[in-house]
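Coordinate inspection notes
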Amino acid sequence: SAVISQKPSRDICQRGTSLTIQCQVDSQVTMMFWYRQQPGQSLTLIATANQGSEATYESGFVIDKFPISRPNLTFSTLTVSNMSPEDSSIYLCSVRGQGATEAFFGQGTRLTVV
Amino acid sequence: EDKVVQSPLSLVVHEGDTVTLNCSYEVTNFRSLLWYKQEKKAPTFLFMLTSSGIEKKSGRLSSILDKKELSSILNITATQTGDSAIYLCAAHPGGNTPLVFGKGTRLSVIA
């Protein structure tokens, strides 16, 4: 399985500011995804990060709020923009290799917006 | 719309008990069913099931898939407090598509 480094591990941010979360993988992976997990809830897919092109967003998530970059096959960032307390969640990056089914997760980022 | 439903949503048991967690799925082009354990932030991979009726086992945990019933179960025998976690079930619709996750079962094992 790939080794995934996600940072920051946690942060407390002021409302109206933005936070960029990084996800670094130790090998090239085909698929990278970003999830959000609000308190007491399950995982909600935000978007699929596409290498070299715009991310594919799920219903209810927009690029202006959650811009995503994926400049190569081992790295992606998710920015949470103009944060409000409702954005307080755990954010997770997930990766899957070519032809693989099982997905692996980064350590997660616990974001608190005050 | 693809969906995965888990039951129960939460469960409290005593150490030593055996538990069975349920997962049902409705997914087009179903390819496989996965189980994860989430203790703090990051879900950790437990099992991937692709064939019906073949049990996968790891220590006290085991899981089996029933493609006819579109369901899977995760069994944990002789539970320990360290088994306390959220157990997530996910289905893979095939191809380069994201996994579809259920809401999870929150298991609490008390001494």
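Throughout what follows, the structure given in this document is the object of discussion. (Residues numbered from 1 in each chain as written. Chains lettered and ligands numbered in written order. Predicted model: local features only at pLDDT ≥ 70, side-chain atom pairs only at ≥ 80, totals over all residues. Heavy atoms only, no water.)

Right, let's get into the side chain of serine 72 of chain B. Residue and element names in this part refer to chain B. Position of serine 72 relative to the elements: it lies in strand β8 (residues 71-76). Among the polar contacts listed, one links the side chain of serine 72 to the backbone oxygen of isoleucine 64, at a separation of 2.9 Å. Here serine 72 is in contact with Leu21, Asn22, Cys23, Leu33, Trp35, Leu49, Ser63, Ile64 and Leu65, once residues within four sequence places are set aside. (Helix = DSSP H or I, 4+ residues; strand = E, 2+ residues; numbered from the N terminus. Polar contact = N/O pair within 3.5 Å; in protein donor to acceptor, adjacent residues only side chain to side chain. Contact = heavy atoms within 4.5 Å.)

This part covers the sheet that holds β8 of chain B. Residue and element names in this part refer to chain B. Strand order in the open sheet made by the 5 strands is β1-β3-β8-β7-β6, with antiparallel pairing throughout. Each edge of the open sheet carries a strand with a single partner, namely β1 (3-7) and β6 (56-58). Each neighbouring strand pair of the sheet contributes to a mean axis angle of 15 degrees, computed without reference to strand direction. As paired elements, strand β7 (residues 61-66) and β8 share 6 bridges and run antiparallel to each other. Counterpart to aspartate 66 in the pairing with β8 is serine 71. (Pairing = 2+ DSSP bridges. Axes fitted to C-alpha atoms, helices over the stretch in contact; angles between N-to-C directions.)

With that settled, consider the interface of chain A and chain B. With 25 residues of chain A at the contact, the number on the chain B side is 23 residues. Interface of chain A and chain B: buried area, both sides summed, is about 1,800 Å²; carbon and sulfur atoms make up 56% of it. Our count for the contact surface shared by chain A and chain B stands at 0 salt bridges. Among the secondary structure elements, those contributing two or more residues to the side of chain A that touches chain B are β4 (31-37), β5 (44-49), β9 (89-96) and β10 (104-105) of chain A. Of the residues belonging to the side of chain A that touches chain B, the class tally is 11 nonpolar, 11 polar and 3 charged. (Buried area = accessible area lost by both parts, 1.4 Å probe. Salt bridge = Lys/Arg side-chain N within 4 Å of Asp/Glu carboxyl O. Nonpolar A, V, L, I, M, F, W, Y, C, P; charged D, E, K, R; others polar.)

Residue position: arginine 106 of chain B is located in strand β11 (residues 105-110). In this structure, the C-alpha to C-alpha distance between arginine 106 of chain B and glutamine 38 of chain B, residues 68 residues apart in sequence, is 9.2 Å. Ignoring anything within four residues of it in the chain, the contact list for arginine 106 of chain B reads Gly40 of chain A together with Leu9, Ser10, Leu11, Ala85 and Ile86 of chain B.

In summary, soluble globular proteins display a tendency toward joint burial of nonpolar side chains. Grouped together as the largest cluster of nonpolar side chains are 26 residues, with contacts concentrated most on Trp34, Ile46, Phe66, Ile68, Leu78, Tyr91 and Leu111 of chain A. When contributions to this core are tallied by element, the ones reaching two or more residues are β3 (19-25), β4, β5, β8 (75-80), β9 and β11 (109-113) of chain A. Among the elements that line this core, the one with the most residues is β3 of chain A, at 4 residues. With 22 residues, the next largest nonpolar core counts Val13, Cys23, Ala91 and Val100 of chain B among its residues. (Core = buried A, V, L, I, M, F, W, Y, C linked by side-chain atoms within 4.5 Å. Buried < 20%, exposed > 50% of the residue type's maximum accessible area, 1.4 Å probe, protein only.)

As a further point, take unusual backbone geometry. Residue proline 8 of chain A is reached from lysine 7 of chain A by a cis peptide bond, and omega for that bond is 5 degrees. Secondary-structure assignment places proline 8 of chain A in the loop between β1 (4-7) and β2 (10-13). The peptide bond linking serine 7 of chain B to proline 8 of chain B adopts the cis configuration, its omega dihedral lying at -10 degrees. Here proline 8 of chain B shows up in the loop between β1 and β2 (10-14). With a phi angle near 45 degrees, alanine 78 of chain B is a residue other than glycine that sits in the positive phi range.

Mapping histidine 92 of chain B onto the fold places it in strand β9 (residues 85-92). Under the relative-accessibility criterion, histidine 92 of chain B is labelled buried at 0%. Leave out the neighbours within four places in its chain, and histidine 92 of chain B touches Arg96, Ala100 and Thr101 of chain A together with Val27, Asn29, Phe30, Arg31, Ser32, Leu34, Thr97 and Leu99 of chain B.

Take the environment of valine 25 of chain A next. Residue and element names in this part refer to chain A. Structurally, the position occupied by valine 25 is in strand β3. When the C-alpha positions of valine 25 and alanine 2 are compared, they lie 6.6 Å apart, and in sequence the two are 23 residues distant. The contact partners of valine 25, leaving out residues within four places of it in the chain, are Ala2, Val3, Ile4, Met32, Thr74 and Val95.

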